[in-house]
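Descriptive structure summary
Residue-level listing of the chains:
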Amino acid sequence: MNSRPAAFDELDRKIITALMANARTSFAEIGSAVGLSATAVKRRVDRLRETGVITGFTATVEPWALGWRTEAYVEVYCEGAAPPRRLAEVVRNHPEITAAMTVTGGADALLHVRARDVEHFEEVLERIRTEPFIRKTISVMVLSHLLPESPEAGASHPAPNGAADMR
């Protein structure tokens, strides 16, 4: 990946917007919409990939199709100062954690968890709580998505190796 900043113009924004809406849109279709040839669109997409602006292409999958029917956000409160890299090591050990970030405010981290059901979620929560530096957690279950087209409403990657079958 190139470390220099990429020249980024309005046509690049339009191309990226089209790809974000549907990554399977052909270069010809995008070119028609933005006023470029398919070849010119491809060159721009290649440049955007090389410079790290576009980091990949994914499929959005309905979580229920992968066995994930329960969803929650978990605030994590640590004993002392837990470095982000240590938190990252912990969350990588739990395939049900689909997103994790350090946050401002009272909590040290926020986890997005998907599970088969409430019982499975409880098992995940207990595994998280066994980490010696975790003081407490506060969980909030998701009832419905108000923006169903948002990335948070659907999985952007398949369930990790057998996670949907995990018990």
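Everything quoted here is computed from the prediction, not taken from an experiment.

Procedures and definitions
Residues numbered from 1 in each chain as written. Predicted model: local features only at pLDDT ≥ 70, side-chain atom pairs only at ≥ 80, totals over all residues. Heavy atoms only, no water. Salt bridge = Lys/Arg side-chain N within 4 Å of Asp/Glu carboxyl O. Helix = DSSP H or I, 4+ residues; strand = E, 2+ residues; numbered from the N terminus. Buried < 20%, exposed > 50% of the residue type's maximum accessible area, 1.4 Å probe, protein only. Phe/Tyr/Trp six-rings, centres within 6.5 Å; stacked < 30°, edge-to-face > 60°. Lys NZ or Arg CZ within 6 Å of the ring centre and 35° of its normal. Contact = heavy atoms within 4.5 Å. Pairing = 2+ DSSP bridges. Axes fitted to C-alpha atoms, helices over the stretch in contact; angles between N-to-C directions.

**Section: the pattern of salt bridges**
- Evaluated as defined, the whole model comprises nine salt bridges.
- One salt bridge connects glutamate 89 with arginine 86, and the closest N-O pair in it is separated by 3.4 Å. Residue glutamate 89 and its partner arginine 86 are both found in helix H4 (residues 84-92); the two are separated by three residues, about one turn of the helix.
- Take glutamate 89: its relative accessible area is 42%, and that puts it in the partly exposed class.
- The shortest N-O distance in the salt bridge between arginine 86 and glutamate 131 comes to 3.3 Å. Of this pair, arginine 86 sits in helix H4 while glutamate 131 sits in the loop between helix H5 (118-129) and strand S4 (134-141), and the two are 45 residues apart along the sequence.
- By relative accessible area, arginine 86 is classed as partly exposed at 28%.
- Look at the salt bridges and you will find they share partners, linking Asp9, Asp12, Arg44 and Arg47 into a network.

**Observations concerning the packing of aromatic side chains**
- Taken as a whole and assessed by the stated rule, the structure comprises zero aromatic pairs.
- In this structure, lysine 136 is placed above the aromatic ring of tyrosine 77, and the distance from its NZ or CZ to the ring centre is 4.7 Å.

**Some thoughts on the environment of leucine 125**
- Position of leucine 125 among the secondary structure elements: in helix H5.
- Here the alpha-carbon distance between leucine 125 and serine 139, two residues 14 residues apart in the chain, equals 8.8 Å.
- Look past the residues within four positions of leucine 125 in its chain and what remains in contact with it is Val74, Thr137 and Ser139.

**So, the sheet that holds strand S2 (residues 97-102)**
- Strands sit in the order S2-S3-S1-S4 across an open sheet of four strands; the sheet is antiparallel. The open sheet has two free edges, formed respectively by S2 and S4, since each of these has just one partner strand. Within the sheet, the average angular offset between the axes of one strand and its neighbour, ignoring direction, is 20°.
- When strand S1 (residues 70-78) meets strand S3 (residues 109-115), the two strands line up antiparallel, connected through seven bridges. Among the inter-strand pairings, alanine 72 is bridged to a residue of S3, identified as valine 113.
- Strands S1, S2, S3 and S4 of the sheet are contacted by H5, whose axis makes an angle of about 160° with S4.

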